[in-house]
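Overview (structure and organization)
Letter by letter, the chains look like this.
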Amino acid sequence: MNLKAVRWGIGSMSFGLFGCVLIILTVNFTPRAEDKAHRVTEAYQGFQDGKCQSCHPAIWREWKDSMHAKAWIDEIYQAAAQQVPDRETKCDQCHAPQPILMTGIGEMPKLRDRQREAGVSCLVCHLDANGAMNGPPASAETYFHANVTNPIYTPPTKLCATCHGQKSVPEHDQLSSFLDSEFAENTSCATCHMPVVKRLQSTTSHESIKGRKHTWRGSRSVTQLKRAASLQLEYETGQVSVKLQSRTGHILPGGTLRIIVLEVTLLAPDGTERQKQHISISAENENRLLPNEDRTYTFDMASAATGDTISARLIYQLTPNTPESDRILMADKTLIIR
Ligand code: HEC
Ligand code: HEC
Ligand code: HEC
Ligand code: HEC
Ligand code: HEC
C-alpha cells in the first residue's frame, strides 16, 4: 500500500463521518414537511377551539373588537365586494388572507380557504411555515407553540404595508404618504395604532413585559378622529378664514370612502342662521390633506355684522351614506364678531 492511498482512505472516512453528523443535525433541528404541515394545522385548530383566546385573553379581546377581526364580516366590505365580479382575485385576498409570513412580507396576500370569517386573524400576522409564532422577544416558552423572535415586528411598518401599501391597490394605501412625511423619521404605524402596554403577555407568563395593544383604532374611534386635525378660525371684514392642520401620520382621511366636511355657519345674535357654507375633503374630490399639511380655506360672509357668531365645524363621515346622527365632530371653533 502506498502512502497516497492511505491518505485518501482517511480523507474519505472523515468526510463520511462529517456527513453522518450533518444528517443527525438535519433530523433533529429541521421539522419534516409532514411535521410542519401538522403544526400549521394545529395552529388553525387551536385558533378555532379558543386556545389563543384562553392563553392570550387581553390581546384576544382587543383584536376581537378591531376591524382586523371584522375584515371579512364587515358589512361595508361585503357590500362593496359584491359589486366586483372577480372579487376572489381582486379583493378577498386581503380581507381573509393566508399567513403573510408564508406568502411573503410585502407580497400580495393570498386568499385563505378556511376560517374566512376570522378576517385578519392572529395567524395572518404571526404564524410561519414551521407552525411557530413569530413576534418580538418573548419572556416565556409554551408547549403549545414555538416562539420565534423576528425583527419584522419592531417596528412593524413593513408588515402593515403588506396590506396597507400595495402599489397595485392605491385605494388602500396609507403607506406612501406616511413614507413621504416627517412621521417616517421617528414613528411607525404602531406608534399611533398599537399603544405600548406593559403586562403579562399570556396567562402562563411569569413577568410583565412591554408589548403593544392590538386595538388598531382608526376611523371608528372618536379619540383618534379628534386628534387627526386641528382647526383655527379668523374673521376680517366679511371674510372668514379657517386654517386646518393635519396631525395624522398619513393622508387624511386615510380611507377612500371617507368624507370630511368643513362647515362654516353665520348666526345672528338671536341664533337664527344667516349663512352656511361647506367644503368636502375626500379621495373623490382629490383634496385629501397630507401629513402635517396646513391649509387655509376662506369663505365670503359679506352679510356678517357685529354681534354675529361664526362657527366652524369639521365633521367626519365613514361613507357618503352615513346618516347625520352617526357623523362625528372632529373639531370646532366659534367666534363672536366685535
Ligand atoms: C392589498 C390588500 C387589499 C385588497 C386587494 C383589497 N382591500 Fe379592501 N381594504 C384593505 C385595507 C388595508 C383596508 C383598510 C384601510 C383602508 O380603508 O384603506 C381595506 C378597507 C376596505 C373597505 C372599507 C371598509 C369599511 O368598513 O369602511 C372597503 C369597502 C374595501 N376595503 C373594499 C375592497 C374591495 C371592493 C376590494 C376589491 C376591489 C378590496 N377592498 C381589495 C386591503 C385590501
Ligand atoms: C398554553 C398557552 C398558550 C397558548 C394556547 C397559546 N400561546 Fe401564544 N404564547 C404563550 C406564551 C407563554 C408566550 C410567551 C409570552 C411572554 O413572552 O411572556 C406566547 C407568545 C406568543 C406570541 C409572541 C411570540 C414571540 O416570540 O414574540 C405570539 C404571536 C403568540 N403567542 C400567538 C399565539 C396564537 C396565535 C395562539 C393560538 C394559535 C397562541 N399564541 C396560543 C402561551 C400560549
Ligand atoms: C393581512 C392584511 C393586513 C395587515 C398585515 C394589516 N392590516 Fe390593517 N387592515 C386590514 C384590512 C383588510 C382592514 C379593513 C377591515 C375593514 O374595515 O373591513 C384593516 C384595517 C385597519 C385599520 C382601520 C381600523 C378602523 O377602525 O378604521 C387600522 C388602523 C389598521 N388596519 C392598522 C394596521 C396596522 C398598524 C398594521 C400593522 C401592525 C396592519 N393594519 C396590518 C388588513 C391588514
Ligand atoms: C395585523 C397584525 C397582527 C394581528 C392580526 C395580531 N398581531 Fe400580535 N402582534 C403584532 C405586532 C406588530 C406585534 C409587536 C408589538 C410590539 O412591538 O410589542 C405583536 C405582538 C404580539 C405578542 C407579543 C406581545 C406584544 O404585545 O408585543 C403576542 C403574544 C401577540 N402579538 C399575540 C397575538 C394574538 C393572540 C393575536 C390574535 C388575537 C394577534 N397577536 C393578532 C401584529 C399582529
Ligand atoms: C401620527 C399618528 C399616525 C401614524 C404614524 C399612522 N397613523 Fe393611521 N391614523 C391616524 C389617525 C389620527 C387616524 C384617523 C383619521 C383617519 O381615519 O384618517 C388614522 C387612521 C388610519 C386608518 C383608517 C383609515 C380609514 O379611513 O378607515 C388606517 C387603515 C391607518 N390609519 C393605517 C395606518 C398605517 C398602515 C400606518 C403606517 C404606514 C399608519 N396608519 C400610521 C394616525 C396615524
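Scroll up for the structure.
Below: a short report on this structure.

Rules used throughout
- Residues numbered from 1 in each chain as written.
- Chains lettered and ligands numbered in written order.
- Predicted model: local features only at pLDDT ≥ 70, side-chain atom pairs only at ≥ 80, totals over all residues.
- Heavy atoms only, no water.
- Salt bridge = Lys/Arg side-chain N within 4 Å of Asp/Glu carboxyl O.
- Helix = DSSP H or I, 4+ residues; strand = E, 2+ residues; numbered from the N terminus.
- Buried < 20%, exposed > 50% of the residue type's maximum accessible area, 1.4 Å probe, protein only.
- Donors = N, O, S within 2.8 Å, 3.2 Å for Na, K, Ca; no water.
- Tetrahedral: all angles 85-135°; square planar, octahedral: opposite > 155°, others 65-115°.
- Near = heavy atom within 4 Å.
- Nonpolar A, V, L, I, M, F, W, Y, C, P; charged D, E, K, R; others polar.

Turning to the pattern of salt bridges, a few remarks are in order. On inspection of all chains with the given rule, the structure shows ten salt bridges. Here D35 makes a salt bridge to R32, at a shortest N to O gap of 3.9 Å. A salt bridge links E263 to R313; its shortest N-O distance comes to 3.4 Å. Pair noted here: E263 is in strand β7 (residues 259-267) and R313 is in strand β10 (residues 309-317), with a separation of 50 residues, a long-range link. E263 sits in the buried class, given a relative accessible area of 15%.

Attention now moves to the coordination of the iron atom of ligand 3. Only H68 (NE2) and H164 (NE2) from the protein coordinate the iron atom of ligand 3, and they sit 2.0 to 2.1 Å from it. Metal-centred angles of 86 to 180 degrees between the six donor atoms at the iron atom of ligand 3 mark the site as octahedral. Of this pair, H68 sits in the loop between α4 (57-64) and α5 (75-81) while H164 sits in helix α10 (residues 157-164), and the two are 96 residues apart along the sequence.

Inspection of the region around ligand 3 gives 22 residues, with H68, D74, C160, C163 and H164 positioned closest. Those elements that place two or more of their residues in the shell around ligand 3 are α7 (92-95), α10 and α13 (189-193). Here the residues of the shell around ligand 3 are counted per class, giving 13 nonpolar, six polar and three charged.

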